Amino acid sequence: MASLDDLKKRITSVKSTQKITKAMKMVAAAKLKRAQDSAERGRPYSQKMNNVILNLASGISDKSNAPKLLSGTGNEKIHLCVVMTSDRGLCGGFNANIIKKAKSYFSKLKEEGKELKIITVGSKGNDQLKRAYGDKIIENISFKDSKNANYFDAEKVGKTIIERFEKEEFDICTIFYNQFKNVITQIPQSQQIIPLNAEENNENKSEENYEFEPDEDEILSNLLPKNISTQIFKAMLENSASEQGARMSAMDNATRNAGEMVDKLTIEYNRSRQAAITKELIEIISGAESL
Amino acid sequence: MTEEFKVEIVNPDKLFLSKEDVTEVIVPAFEGEIGILKDHIAIISFLKPGIIKIYSKSGEEKFYIEDGIIEFKNNNLSVLTSSIFNLKNMEKNKIQELLKKAEEETIKTEINDQTKYLIDQKIEVLRSIN
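Residues numbered from 1 in each chain as written. Chains lettered and ligands numbered in written order. Predicted model: local features only at pLDDT ≥ 70, side-chain atom pairs only at ≥ 80, totals over all residues.

Colleague: What should I look at first to understand the overall build of chain A in this one?
Modeller: The number of helices and strands found in chain A is six helices and six strands. Mapped in sequence order, the helices and strands of chain A form the string α-α-β-α-β-α-β-α-β-β-β-α. At 28 Å, chain A has a C-alpha radius of gyration far larger than the 19 Å of a compact globule built from 291 residues. Seen through its principal axes, chain A has C-alpha atoms that stretch 115 × 40 × 30 Å. The buried share of chain A, reckoned over its 291 residues, is 34%. Taking contacts inside chain A between residues at least 6 apart in sequence as the whole, the part at least 24 apart equals 80%. (Helix = DSSP H or I, 4+ residues; strand = E, 2+ residues; numbered from the N terminus. Rg over C-alpha atoms; globule rule 2.2 N^0.38 Å. Buried ≥ 20, exposed ≤ 12 C-beta atoms within 10 Å, placed from the backbone. Contact = placed C-beta atoms within 7 Å.)

Colleague: When you look at the nonpolar core in this model, what are you seeing that I'm missing?
Modeller: Most often, soluble globular proteins have nonpolar side chains that are buried together. Residue and element names in this part refer to chain A. Val 82, Val 83, Met 84 and Phe 176 are the most contacted members of the largest nonpolar core, which has 83 residues in total. Among the elements that line this core, the one with the most residues is helix α6 (residues 216-289), at 15 residues. Leaving out residues up to four positions away in the same chain, Phe 176 has contacts with Cys 81, Val 82, Val 83, Met 84, Ile 98, Lys 101, Ala 102, Pro 188 and Ser 190. (Core = buried A, V, L, I, M, F, W, Y, C linked by C-beta atoms within 7 Å.)

Colleague: Explain the domain arrangement of chain A to me, please; I cannot follow it from the model alone.
Modeller: Bring the parts together and some accessible area is lost; that lost area is often taken as the interface size. All names here are of chain A. Domain assignment breaks chain A into domain 1 (4-18 + 251-285) and domain 2 (22-249). Of note, the centres of domain 1 and domain 2, computed from C-alpha atoms alone, are 49 Å apart. Facing five residues of domain 1, the contacting portion of domain 2 comprises seven residues. Sort the elements by how many residues they give to the side of domain 1 that touches domain 2 and α6 lands first, with four residues. (Domains from an automatic or database assignment.)

Colleague: I'm lost on the pairing of strand β1 (residues 5-10) of chain B in this one. Help?
Modeller: Along any regular strand the residues' side chains alternate between the sheet's two faces. Residue and element names in this part refer to chain B. By the bridge criterion, five bridges tie β1 to strand β2 (residues 15-29) in an arrangement that is antiparallel. Residue pairing in the sheet places Val 10 in a bridge with Leu 15 of β2. Taken together, β1 and the strand that follows it, β2, pair antiparallel across an intervening segment of four residues. Alignment of β1 against strand β8 (residues 76-80), held across five bridges, turns out to be parallel. Looking at the pairing, Val 7 lines up with Leu 77 of β8. (Pairing = 2+ DSSP bridges.)

Colleague: I keep staring at unusual backbone geometry and nothing clicks. Help me out?
Modeller: Peptide bonds are trans in most cases, and residues, glycine excluded, mostly fall at negative phi. The amide bond that connects Ile 194 of chain A to the next residue, Pro 195 of chain A, takes the cis arrangement and shows omega of -15°. Relative to the helices and strands, Pro 195 of chain A resides in the loop between β5 (186-194) and β6 (211-213). Positive phi, normally seen in glycine, also occurs at Leu 90 of chain A, with a value near 55°. Position of Leu 90 of chain A among the secondary structure elements: in the loop between β1 (78-84) and α3 (94-111). One non-glycine residue, Asn 75 of chain B, lies in positive phi territory at about 60°. Take Asn 75 of chain B: it is sitting in the loop between β7 (68-73) and β8.

Colleague: I keep staring at the sheet that holds β1 of chain A and nothing clicks. Help me out?
Modeller: For sheets, the rule is that strands pair by backbone hydrogen bonds, running either parallel or antiparallel. All names here are of chain A. As summarised here, the arrangement of the five strands in space is β3-β2-β1-β4-β5, forming an open sheet in which the pairing is mixed. Here the strands that pair on one side only, and so sit at the sheet edges, are β3 (137-141) and β5. Put simply, the sheet's adjacent strands are angled 20° from each other on average, direction ignored. Judged from the four bridges that link them, strand β2 (residues 115-121) and β3 form a sheet pairing that is parallel. From the neighbouring strand, Val 121 faces β3, where its bridge partner is Ile 141. (Axes fitted to C-alpha atoms, helices over the stretch in contact; angles between N-to-C directions.)

Colleague: Help me understand the interface of chain B and chain A in this model?
Modeller: Contact with chain B, which involves 21 residues of that partner, is made by 23 residues of chain A. When residues of the side of chain B that touches chain A are traced back to their parent elements, those giving at least two are β2, β4 (43-47), β7 and β8 of chain B. In terms of residues, the side of chain B that touches chain A owes the most to one element, β4 of chain B, which gives four residues. Class assignment of the residues belonging to the side of chain B that touches chain A gives a composition of 12 nonpolar, four polar and five charged. Of the strand pairs in this sheet, β6 of chain A and β4 of chain B are connected by three bridges, and their pairing is parallel. Paired with Phe 212 of chain A across the bridge in β4 of chain B is Ile 44 of chain B. (Nonpolar A, V, L, I, M, F, W, Y, C, P; charged D, E, K, R; others polar.)

Colleague: How do you make sense of the domain arrangement of chain B when you look at a structure like this?
Modeller: All names here are of chain B. Structurally, chain B comprises domain 1 (5-86) and domain 2 (91-129). The gap between the C-alpha centroids of domain 1 and domain 2 is 22 Å. Each side of the interface is counted separately: domain 1 has six residues, and domain 2 has five residues. Split by residue class, the side of domain 1 that touches domain 2 holds three nonpolar, one polar and two charged.

Colleague: Mind showing me how you'd approach the environment of Glu 60 of chain B here?
Modeller: All names here are of chain B. By the secondary structure assignment, Glu 60 is in strand β6 (residues 59-65). Look at Glu 60 and you get exposed, because 9 C-beta atoms sit within 10 Å. Separated by 36 residues in sequence, Glu 60 and Glu 24 have C-alpha atoms that sit 9.6 Å apart. Beyond its immediate chain neighbours, meaning those up to four positions away, Glu 60 contacts Lys 53 and Tyr 55.

Colleague: Just to check I follow, could you spell out helix α5 (residues 151-166) of chain A for this structure?
Modeller: For an α-helix, the turn length of 3.6 residues means that residues three or four places apart are oriented alike. Residue and element names in this part refer to chain A. Compared with an ideal rise of 1.5 Å per residue, which puts 16 residues at 22 Å, α5 spans 22 Å between its outermost C-alpha atoms and is within 8% of the ideal. Buried residues along α5 sit against β1, β2, β3, β4 (172-180), β5 and α6. Phi turns positive one or two residues past the end of α5, at Glu 168, with a value near 60°. (Expected span 1.5 Å × (residues − 1).)

In structure tokens, the structure reads:
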């Protein structure tokens, strides 16, 4: 059995861990509010952008002449996967969930004999994928310096992807991120952004006949790159809200577990203290009796 | 019959402006300025750098805009843009900063004609408001 001193030390150490997790939970809760707000504020833009693109895509007359970002390269051999994770750990299953989703997709591609390329956004994803897929990772982008998700960063990622697409480095691009549902639920998502899947969500397509200025093709070729950045920005916003949510619930659990541990250790400490006192008393009494 | 319609200007990270009582909007579309009144035909167009003017009951507002797209449908005008500034609160040194950046970009040789045209437009507009 551990000595009294050891127990005392352990109790103090668990208590200070609890203080840290509690503080982290508070910080995450404060940040979550902000991240959630900006995720909600960002939704109208990406929705409107999507609507406009859908209307344009349905209005385009000659499908074969459509920009490649919309119609694809005609092949589907090389897949680019953009895995978006956080830069910091201690957020429960947040990163692990995205990685798991991505990995299952990777192995599916492997079975089909497709070629795989990976871009990781956020250092945690890079750390976890390095071991198994190190040779497939072509770029790692990290925004450790920027405090919140901002459009400027998203545009940078978007430009990198488009540049690579124009060099014909890949045919299909899919992004992986966590969608924020609520504080305890984040749903890992995969979304194909190149070529754009126009048929997938055409429920809000309107029958309106638009006048286009300049013509559809030109607007589309200008708009599609922007849409990529917008989609990535949306993913980043969802991700940052999810990260804070995941961290908050993880830290809440950790705090509760630490509390339970402190209780258990305190009982053990009291018991062994009591036992030591009883033992001493017995020794004194039996010593006195023998006289 | 009212002559008013709704305008929404949306940034990637927030709703920049929403107004219900707008009577006329002039936007710098790619092929020239377009004035939009109520019951305009549905239109999608993209913008070049310029000034958006919004006329409403409460007065006139002007915004400097660098890029974006507009969609007008059912008397709803949506402007999607990533860079927009209210001319009223725009400071002189901010304008000069943007102007300097744009001028630096024109010197680069690898840009194509379209971007060059857009940058020239930008410089012209910035100079006019400076």
